Amino acid sequence: PTTLLPRPSFAEEEYITADSGIKYQVVTPPTDPNSPTPARGQKVKAKYTLYLNGFPADTAQAKKIDSSKGPFGEKPFEFFAGVSQVIKGWD
């Protein structure tokens, strides 16, 4: 599966900005560049870190508010695509 995860060590121009305004970077691209996007109702697993006010590399005001990484390791967030279980930028 494709993993979407903002990484603050990357330059601003390396992020993709979706129509919704969410910024992201694909850090684990699909092995097949012609891979389809998830179908409606298909389970998706995503590793992520969510910041408000920008990214730490860009501003001291950046604040991490959520992440799939925790004190006991990383647990990807699982959801079903296209059924409004997540924010529009992910759906």
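Before reading further, recall that the structure is shown in the block above.
Conventions and cut-offs
- Residues numbered from 1 in each chain as written.
- Predicted model: local features only at pLDDT ≥ 70, side-chain atom pairs only at ≥ 80, totals over all residues.
- Heavy atoms only, no water.
- Helix = DSSP H or I, 4+ residues; strand = E, 2+ residues; numbered from the N terminus.
- Buried < 20%, exposed > 50% of the residue type's maximum accessible area, 1.4 Å probe, protein only.
- Contact = heavy atoms within 4.5 Å.
- Areas by Shrake-Rupley, 256 points an atom, 1.4 Å probe, with all protein chains shown as cover.
- Salt bridge = Lys/Arg side-chain N within 4 Å of Asp/Glu carboxyl O.
- Polar contact = N/O pair within 3.5 Å; in protein donor to acceptor, adjacent residues only side chain to side chain.
- Core = buried A, V, L, I, M, F, W, Y, C linked by side-chain atoms within 4.5 Å.

(A) Representation of the overall build of the protein within the structure. Counting secondary structure elements, the protein contains zero helices and ten strands. For the protein, the sequential pattern of α-helices and β-strands runs β-β-β-β-β-β-β-β-β-β. Taken over 91 residues, the protein has a buried fraction of 19%. Long-range contacts, defined here as pairs at least 24 residues apart, represent 47% of the contacts in the protein between residues at least 6 apart. Total accessible area on the protein stands at roughly 6700 Å², and carbon and sulfur atoms take up 53% of it.

(B) Seen up close, the side chain of Thr49. Position of Thr49 among the secondary structure elements: in strand β6 (residues 49–52). Judged by its relative accessible area of 12%, Thr49 falls in the buried class.

(C) Looking closely at the pattern of salt bridges. Inspection of every chain in the model, using the stated rule, returns two salt bridges. Between Lys45 and Glu78 there is a salt bridge; the shortest N-O distance is 3.9 Å. Of this pair, Lys45 sits in strand β5 (residues 43–46) while Glu78 sits in strand β10 (residues 77–80), and the two are 33 residues apart along the sequence. Judged by its relative accessible area of 40%, Lys45 falls in the partly exposed class. Look at Glu78 and you get partly exposed, because its relative accessible area is 41%. One network of salt bridges, in which partners are shared, links Lys43, Lys45 and Glu78.

(D) Structural detail: the side chain of Ser67. Here Ser67 shows up in strand β7 (residues 63–67). Judged by its relative accessible area of 16%, Ser67 falls in the buried class. A distance of 3.1 Å separates a polar atom in the side chain of Ser67 from a polar atom in the side chain of Thr49. Separated by 3.0 Å, the side chain of Ser67 and the backbone nitrogen of Lys69 make a polar contact. Residues contacting Ser67, with those up to four places away along its chain left out, are Tyr48 and Thr49.

(E) Representation of the nonpolar core. If you look at the biggest cluster of nonpolar residues, it comprises five residues: Val44, Ala46, Phe79, Ala81 and Val86. Excluding its chain neighbours within four sequence positions, the residues that come into contact with Phe79 are Gln42, Lys43, Val44, Ala46, Gln85, Val86 and Trp90.

(F) Up close: unusual backbone geometry. Even without being glycine, Ser84 reaches a positive phi, approximately 60°. Along the chain, the position of Ser84 falls in the segment after β10. Relative accessible area serves as the criterion here: at 64%, Ser84 is assigned to the exposed category.

Limitation: the analysis is restricted to geometry and does not speak to function.
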